[in-house]
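Spelled out from the first residue to the last, the chains are:
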Amino acid sequence: MLRFLLNRITQIVVLLIIVSIIGFFILNLIPGGPLAQYALDPGMTQDDIERLKEQLGLNRPIYVQYLDWAWRLVRGDWGHSFRDGAPVLDVIGGHMFATLLLMGTSTAIAIAIGTWVGIRGATHRYSTFDHVATIGAMIALSIPTFWFGLVGIYIFSLQLGWLPAGNMYTVGEESALDYLHHLIMPSIVLALVHIAVWSRYMRTATLDVINQDFVKTARAKGLSERRILMKHVVGNALLPMITLAGMQLPSLLTGALVTETVFTWPGMGRLFLDSISYGDYPVVMGLLMFSAILVIFGNLLADIAVAIVDPRIRLS
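Quantities reported herein were computed from a predicted structural model and do not represent experimental measurements.

K.L.:
Is there a simple way to explain the packing of aromatic side chains in this structure?
P.N.:
To describe a pair of aromatic rings, one takes the distance between the centres and the angle between the planes. Across all of its chains, the model carries nine aromatic pairs by this definition. On the numbers, 6.1 Å between centres and 40 degrees between planes, the contact of Phe 156 with Trp 162 is tilted. Counting every residue linked through ring pairs, the aromatic cluster contains Phe 24, Phe 25, Tyr 66 and Trp 69. Above the ring of Phe 129, the side-chain terminus of Arg 120 is found at 5.1 Å from the ring centroid.

K.L.:
Help me understand the layout of surface pockets, please; the structure alone is not making it clear to me.
P.N.:
Using a probe with the size of a water molecule, rolled over the atoms, empty space left in the structure can be pinpointed. Approximately 390 Å³ is the volume found for the largest pocket. Residue lining of the largest pocket: 20 residues in total, with Leu 58, Trp 69, Arg 72, Phe 82 and Pro 282 positioned closest to the centre. Among the elements of the structure, α1 (2-29), α4 (62-74) and α13 (281-309) are those that each provide at least two residues to the lining of the largest pocket. In terms of residue count, α4 provides more of the lining of the largest pocket than any other element does, four residues in total. For the lining of the largest pocket, a count of residues per class yields eleven nonpolar, six polar and three charged.

K.L.:
Sorry, what's going on with unusual backbone geometry here?
P.N.:
Most peptide bonds are trans, and most residues other than glycine sit at a negative phi. Positive phi outside glycine occurs at Tyr 126, with the angle close to 60 degrees. By the element assignment, Tyr 126 lies in the loop between α5 (88-123) and α6 (128-142). One non-glycine residue, Thr 264, lies in the positive phi region at around 45 degrees. By the element assignment, Thr 264 lies in the loop between α11 (249-262) and α12 (268-278).

K.L.:
I would appreciate a short explanation of the environment of Val 88 in the present structure.
P.N.:
Within the element layout of this structure, Val 88 appears in helix α5. Under the relative-accessibility criterion, Val 88 is labelled buried at 0%. Sequence separation between Val 88 and Val 283 is 195 residues, and the spatial gap between their C-alpha atoms is 5.6 Å. Not counting chain neighbours up to four residues away, the residues in contact with Val 88 comprise Trp 78, Gly 79, His 80, Ser 81, Pro 282, Val 283 and Gly 286.

K.L.:
I would appreciate a short explanation of the nonpolar core in the present structure.
P.N.:
Nonpolar side chains in soluble globular proteins tend to be buried together. Ranked by internal contacts, the top residues of the largest apolar core, which has 26 residues, are Leu 16, Trp 69, Trp 78, Ile 92, Val 283, Leu 287 and Met 289. When residues in this core are grouped by element, the largest group, eleven residues, is from α13. Those residues in contact with Trp 78 that sit more than four places away from it in its chain are Leu 73, Val 88, Leu 89, Pro 282, Gly 286, Met 289, Phe 290 and Ile 293. In terms of nonpolar packing, the next biggest core, distinct from the first, is built from 16 residues, Val 209, Ala 218, Leu 229 and Met 241 among them.

K.L.:
Would you mind going over the pattern of salt bridges with me for this structure?
P.N.:
Applying the stated criterion to the full structure yields four salt bridges. In this structure, Asp 68 and Arg 72 form a salt bridge, with 3.2 Å as the shortest nitrogen-oxygen distance. With a gap of four residues between them, Asp 68 and Arg 72 both fall in helix α4, about one helical turn apart. With relative accessibility at 21%, the residue Arg 72 sits in the partly exposed group.

K.L.:
Got a minute to help me understand a nonpolar patch on the surface in this structure?
P.N.:
A surface patch of nonpolar side chains, amounting to about 630 Å² of accessible area, comprises Tyr 154, Ile 155, Phe 156, Leu 158, Leu 160 and Trp 162. Following the sequence through the fold, Ile 155 ends up in helix α7 (residues 145-159). Relative accessible area serves as the criterion here: at 34%, Ile 155 is assigned to the partly exposed category.

K.L.:
Help me understand α7, please; the structure alone is not making it clear to me.
P.N.:
The α-helix advances 3.6 residues per turn, and as a result positions three or four apart in sequence lie on the same side. With 15 residues, α7 ought to run about 21 Å at 1.5 Å a step, and its terminal C-alpha atoms sit 20 Å apart, in line with that. The inward-facing, buried residues of α7 abut α6, α8 (176-210) and α11.

K.L.:
In this structure, what is going on with the packing of α11 against α12? I would like to understand it.
P.N.:
Axis angle and axis distance: for two packed helices, these are the angle between their axes and the distance between the axes, and together they describe the pair. Where α11 contacts α12, the two axes come as close as 7 Å, and the packing angle between them is 80 degrees. Taken together, the axes of α11 and α12 lie roughly perpendicular to each other. For the pair α11 and α12, the contacting residues are Leu 257, Glu 260 and Thr 261 in the first and Met 268, Gly 269, Arg 270, Phe 272 and Leu 273 in the second. Partitioning the contact of α11 with α12 into residue classes produces four nonpolar, two polar and two charged.

K.L.:
So what exactly am I meant to see when it comes to the environment of Phe 272 here?
P.N.:
Mapped onto the elements, Phe 272 comes out in helix α12. Under the relative-accessibility criterion, Phe 272 is labelled partly exposed at 26%. Sequence-wise, Phe 272 and Met 285 are 13 residues apart; in three dimensions their C-alpha atoms are separated by 9.4 Å. Beyond its immediate stretch of four places on either side in the chain, Phe 272 contacts Leu 257, Val 284 and Leu 287.

Criteria and cut-off values
Residues numbered from 1 in each chain as written. Predicted model: local features only at pLDDT ≥ 70, side-chain atom pairs only at ≥ 80, totals over all residues. Heavy atoms only, no water. Phe/Tyr/Trp six-rings, centres within 6.5 Å; stacked < 30°, edge-to-face > 60°. Lys NZ or Arg CZ within 6 Å of the ring centre and 35° of its normal. 1 Å grid on protein atoms, 1.4 Å probe; cavity = no way out; pocket = protein on both sides within 12 Å on 5 of 7 lines; lining within 4 Å. Points joined across faces, edges and corners; volume = space filled by probe spheres on them. Helix = DSSP H or I, 4+ residues; strand = E, 2+ residues; numbered from the N terminus. Nonpolar A, V, L, I, M, F, W, Y, C, P; charged D, E, K, R; others polar. Buried < 20%, exposed > 50% of the residue type's maximum accessible area, 1.4 Å probe, protein only. Contact = heavy atoms within 4.5 Å. Core = buried A, V, L, I, M, F, W, Y, C linked by side-chain atoms within 4.5 Å. Salt bridge = Lys/Arg side-chain N within 4 Å of Asp/Glu carboxyl O. Patch = residues over 30% accessible without salt bridge, like charges linked within 9 Å, V, L, I, M, F, W, Y side chains within 5 Å. Areas by Shrake-Rupley, 256 points an atom, 1.4 Å probe, with all protein chains shown as cover. Expected span 1.5 Å × (residues − 1). Axes fitted to C-alpha atoms, helices over the stretch in contact; angles between N-to-C directions. Parallel < 35°, antiparallel > 145°, perpendicular 65-115°, else oblique.

Structural data, given as structure tokens:
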């Protein structure tokens, strides 16, 4: 187990270095560079731009800039926002709760509904329920997330008036129920695609386990179908789903970016788009690294969970 962890930690460090290099160099290759926003100000002269470059160290070779930024990152200094001079970690921290709340809620919804739909589809193959679930999954995977969001706003906000069209809370009414009221629609919209993916994988995994010899043996012993399903099938079918949960983190972050934009949800996805449009490179790089760390460590935790649950992985 220790060797497994050391190997994965080494891979994580290498991956983070590669991500940081690619992200840093791509951002600096954008026309105008980090100071493109300042160049649009009619009051800024070329001398002012050059002075800013010198103050920020942007007149040095790009590899020197990267090494300096990486060294400060390792020491905990993620830089300061070009917009208001606030530390990047403080800026990200101010939006992190909203994104984690949205992602956590949508993940819980996707796992609960997707697991149930997948198991029922596998145990009732080619039934009306199975066909409807398959068609629904194909529709959810084929239509963009923002379309579901816009349709949801039109129906449940504009037409029915049941749910708010956006934001995280109502100003002056920041109660738990108010947060929940605003959370319902964006979390369901974000969860739709993942419900489709989870249910399809869960159906396949359940069918694979049902056809195993130990299930046939349990059935031959006279155990009830319900007991076989709960004691033998579900637990084994969930093993590959743990890995899937880690693999879905990147798509969750991407979906959160779109969902937060549609519902004006004040999370990291919306912050990323605002920072890109403003040219706030320190915040963009900070969000890139934070997202990479979140995804990589999420996959590591999934692998550790699989290794703990399945000794074959751990021993190999």
